[in-house]
Protein chains: 2
Amino acid sequence: MKEARYFYVPHADQSSELPADETHHAVRVLRLQRGDEFFLMDGAGTIYRAEVTLASGKHCMYKIVEALPQSKTWNGHIHLAIAPTKMMERMEWMMEKITEIGFDEASFLNCKFSERKELKLPRLERIVVSAVKQSRKPWMPQLNGLMSFSDFIRQPRQGKKWIAHCYQEIEREDLFDQLQQTAPNEAVTILVGPEGDFSTEEVRLAMEHGYEPVSLGNSRLRTETAGMMAVSMSQIAKRKS
Amino acid sequence: MKEARYFYVPHADQSSELPADETHHAVRVLRLQRGDEFFLMDGAGTIYRAEVTLASGKHCMYKIVEALPQSKTWNGHIHLAIAPTKMMERMEWMMEKITEIGFDEASFLNCKFSERKELKLPRLERIVVSAVKQSRKPWMPQLNGLMSFSDFIRQPRQGKKWIAHCYQEIEREDLFDQLQQTAPNEAVTILVGPEGDFSTEEVRLAMEHGYEPVSLGNSRLRTETAGMMAVSMSQIAKRKS
């Protein structure tokens, strides 16, 4: 059995040639030839069944055979805003995992106790594209570059807003309980802090801007595990049956 | 502020000397000295506050100052039985994450479509010990070595038993719905298959032995992500508030 081939091609229906980064894989690795079938994911809700019309050294031309519009498998809009970890591979791992699990938007925060003050978005984007293809997600999530914590929380935002922190002395609700009380189509934004947590100032500032403090449960989690749990909880609460 | 030091010492109350693997860290890395305080985790539900009585090149002696019995933060017994992935680092990553999230027992299955037919348990055990310390888990989870799928499912087992698989044509319940219908103290065992899934024969055999088929949701997940989701769902359903 031939494994189905999936390529990520934004606006696939407005082109007839694979982009350069996918061409190498199609022509050199998979050795596709005229007449072979493959699937194009446009990252905007449609998967296209297509056929190779010409495959040469550096070009792979196609024609679309059928448009297959997909349905979203969860409700609302899941937005994770997280302070990137010092070790970049922990963030990369998390991005792969939350893409498989399913989210809509990720933002990266520069916080008071952040150990990482700069971030290379293109590498994370490549990891997400790869996981989108592997897990066949019809929608490409949106990634936003590093932004200061105070700028982020000042941005207007639809739906429910939570800040996850570890201070025992600041009262917190359970995130999963809160998620279950949310209307299905309501957007959710969850903030997850750096290795050293948010500062109490940051928690206070977020609360002043409408973020409610939450806990991710009884466990002491690393930053990347906390980010993944926030997305898992959102997905479980918002999945369509 | 000095960070609190945690050491994993089984039967800590029956000894007065750190084991060799922890001594190096205590004496050479942290440079603990007579009178310094640390915490000993016995992996069986108690954390001990202790004091260094002697620290020399290769020995670190202690006396226990106070026993701090811990309470479990979730109900029942969470058992994940999974076919290890071809790339061992994916299993190592998963073991770290499920330790942080919280589980009780893990078993490894040799399945028809397994790409990995042997497993070095000591390395996984070291990763779990490290995550137990980092996430301050009072109980050390139990790890069982690789076993054939058919031997595993024939073992008698308490509580609810599920097999997660991806065959659309074999009816499946949603694992999280099932977990929520389970009595709080009931043990749960969840089987997760290899990259190529369980064979339909294996699914049938498991069903004959009382395993009910379940789905982990609408997403196409890698094996290690599926294992982590199974533990996350169990933890969310069984956590104490």
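Per an unreviewed UniProt entry, chain A is named Ribosomal RNA small subunit methyltransferase E, and its organism is Prevotella dentalis. Reading the Function (unreviewed entry) entry of the UniProt record for chain A gives the comment "Specifically methylates the N3 position of the uracil ring of uridine 1498 (m3U1498) in 16S rRNA. Acts on the fully assembled 30S ribosomal subunit." Per UniProt, the comment on chain A under Catalytic activity (unreviewed entry) is "uridine(1498) in 16S rRNA + S-adenosyl-L-methionine = N(3)-methyluridine(1498) in 16S rRNA + S-adenosyl-L-homocysteine + H(+)".

Trainee: I'd like a description of the overall build of chain A, backed by residues and values.
Mentor: Per the secondary structure count, chain A includes 7 helices and 11 strands. With respect to the three principal axes, the spread of C-alpha positions in chain A is 65 × 35 × 35 Å. Long-range contacts, defined here as pairs at least 24 residues apart, represent 74% of the contacts in chain A between residues at least 6 apart. Averaged over its 32 positive side-chain charges, chain A has a centre that lies 5 Å from the centre of its 33 negative ones.

Trainee: Explain the pairing of strand β8 (residues 160-164) of chain B residue by residue, including any values.
Mentor: Residue and element names in this part refer to chain B. Counting buried positions over the 5 residues of β8 gives 4, a clear majority of the element. Taken together, the 5 bridges between β8 and strand β10 (residues 188-192) define a ladder with parallel strand orientation. Its bridge partner being in β10, Ala164 is matched across the sheet by Val192.

Trainee: Tell me about helix α2 (residues 88-101) of chain A, and name the residues and values.
Mentor: Because an α-helix packs 3.6 residues into every turn, residues spaced three or four apart end up facing the same way. All names here are of chain A. Between its first and last C-alpha atoms α2 spans 20 Å; for 14 residues at 1.5 Å apiece the expected length is 20 Å, and the two agree. By the criterion of burial, α2 is predominantly enclosed, with 13 of the 14 residues buried. The positive-phi residue at the C-terminal boundary of α2 is Gly102, with phi of around 115 degrees.

Trainee: Account for the relation of the copies chain B and chain A, with residues named and values stated.
Mentor: With an RMSD of 0.0 Å, the operation that places chain B on chain A is a rotation of 180 degrees combined with a shift of 0.0 Å along the axis. The symmetry that links the two subunits is that of a two-fold axis. Judged by C-alpha distance, Ser232 of chain B is the residue of chain B that lies nearest the rotation axis, at 3.8 Å. Here 100% of the contact residues of chain B are again contact residues in chain A; the copies associate through an equivalent surface.

Trainee: Describe the UniProt feature "domain: Ribosomal RNA small subunit methyltransferase E PUA-like" (unreviewed entry) in chain A, and please don't skip the residues or the numbers.
Mentor: Per the UniProt annotation, the sites labelled "domain: Ribosomal RNA small subunit methyltransferase E PUA-like" (unreviewed entry) are residues 18-60 of chain A. Along residues 18-60 of chain A, the helical share is 23% and the strand share 37%, with 6 Å between the first and last C-alpha atoms.

Trainee: I'd like to hear about the domain arrangement of chain A, residue by residue, with values.
Mentor: Residues and elements named next belong to chain A. The domain architecture assigned to chain A consists of domain 1 (6-69) and domain 2 (77-238). Placing the centre of domain 1 and that of domain 2 at their C-alpha centroids yields a distance of 33 Å. Of the residues lining the interface, 10 residues belong to domain 1; the matching set on domain 2 comes to 8 residues. Summed over both sides, the interface between domain 1 and domain 2 buries roughly 790 Å², with carbon and sulfur atoms accounting for 67% of that surface. There are 1 salt bridge connecting domain 1 and domain 2. Of the charged contacts in the structure, one is a salt bridge between Lys133 and Glu22, with a shortest N-O distance of 3.0 Å. In this structure, the connection of domain 1 to domain 2 is made through 4 residue pairs in polar contact (both at pLDDT 80 or more).

Trainee: Explain unusual backbone geometry to me, and be specific about the residues and the numbers.
Mentor: Residues and elements named next belong to chain A. Of note, the phi angle at Arg31 is positive, near 50 degrees, even though the residue is not glycine. With respect to the helices, strands and loops of the structure, Arg31 is situated in the loop between α1 (20-29) and β2 (37-41). A relative accessible area of 61% means that Arg31 is categorised as exposed. Unlike most non-glycine residues, Arg136 shows phi in positive territory, near 55 degrees. Note that Arg136 resides in the loop between α3 (121-134) and β7 (142-148).

Trainee: Outline the sheet that holds strand β9 (residues 173-174) of chain A, listing residues and values.
Mentor: Within the open sheet, the 7 strands sit side by side as β7-β6-β5-β10-β8-β11-β9 (chain A). Their pairing is parallel. Because the sheet does not close on itself, it has two edges, and the strands there are β7 and β9 of chain A.

Trainee: An account of the nonpolar core is needed here, citing residue identities and associated values.
Mentor: Ranked by internal contacts, the top residues of the largest apolar core, which has 82 residues, are Met94, Met95 and Leu175 of chain A together with Met94, Met95 and Leu175 of chain B. Leaving out residues up to four positions away in the same chain, Leu175 of chain B has contacts with Trp162, Ile190, Val214, Ser215, Leu216, Ala230 and Met233 of chain B.

Trainee: Could you give an account of the pattern of salt bridges, naming the residues involved and the relevant values?
Mentor: Considering all chains together, one arrives at 40 salt bridges over all chains under this definition. A salt bridge links Lys63 of chain A to Glu51 of chain A; its shortest N-O distance comes to 3.8 Å. Here Lys63 of chain A is found in strand β4 (residues 60-69), whereas its partner Glu51 of chain A is found in strand β3 (residues 46-55), with 12 residues between them in sequence. Looking at Lys63 of chain A, the relative accessible area reads 45%, which means it is partly exposed. Here Lys97 of chain A makes a salt bridge to Glu96 of chain A, at a shortest N to O gap of 2.8 Å. Residue Lys97 of chain A shares its accessibility class with Glu96 of chain A, and that shared class is buried. Several salt bridges converge on common partners, so that one network encompasses Arg90, Arg222 and Glu224 of chain A together with Glu96, Lys97 and Glu100 of chain B.

Trainee: With reference to specific residues and values, describe the sheet that holds strand β1 (residues 6-8) of chain A.
Mentor: Paired through their backbone hydrogen bonds, the strands of a sheet run either parallel or antiparallel. Residues and elements named next belong to chain A. The strand order across the open sheet formed by 4 strands is β1-β2-β3-β4, and the pairing between neighbours is mixed. On the outer flanks of this sheet lie β1 and β4, each paired with one strand and no other. If you compare each strand with its neighbour and ignore which way they point, the axes differ by 35 degrees on average. Relative to β2, β1 runs parallel, the two sharing 3 bridges. The residue bridging Tyr6 from the neighbouring strand is Phe39, located in β2. The sheet contacts of α3 involve β1 and β2, and relative to β1 the element is tilted by about 145 degrees.

Trainee: If you had to explain helix α7 (residues 223-238) of chain B to someone new, which residues and values would you point to?
Mentor: An ideal rise of 1.5 Å per residue puts 22 Å on 16 residues; α7 of chain B measures up with 23 Å between its terminal C-alpha atoms. Of all 16 residues in α7 of chain B, 15 are buried; the element is thus mostly enclosed.

Rules of the game
Residues numbered from 1 in each chain as written. Chains lettered and ligands numbered in written order. Predicted model: local features only at pLDDT ≥ 70, side-chain atom pairs only at ≥ 80, totals over all residues. Heavy atoms only, no water. UniProt positions renumbered as here; feature names shortened; annotations may be inferred. Helix = DSSP H or I, 4+ residues; strand = E, 2+ residues; numbered from the N terminus. Contact = heavy atoms within 4.5 Å. Lys, Arg positive; Asp, Glu negative; His and termini not counted. Charge placed at Lys NZ, Arg CZ, Asp CG, Glu CD. Buried < 20%, exposed > 50% of the residue type's maximum accessible area, 1.4 Å probe, protein only. Pairing = 2+ DSSP bridges. Expected span 1.5 Å × (residues − 1). Least-squares fit on C-alpha atoms with pLDDT ≥ 70 in both. Domains from an automatic or database assignment. Buried area = accessible area lost by both parts, 1.4 Å probe. Salt bridge = Lys/Arg side-chain N within 4 Å of Asp/Glu carboxyl O. Polar contact = N/O pair within 3.5 Å; in protein donor to acceptor, adjacent residues only side chain to side chain. Core = buried A, V, L, I, M, F, W, Y, C linked by side-chain atoms within 4.5 Å. Axes fitted to C-alpha atoms, helices over the stretch in contact; angles between N-to-C directions.

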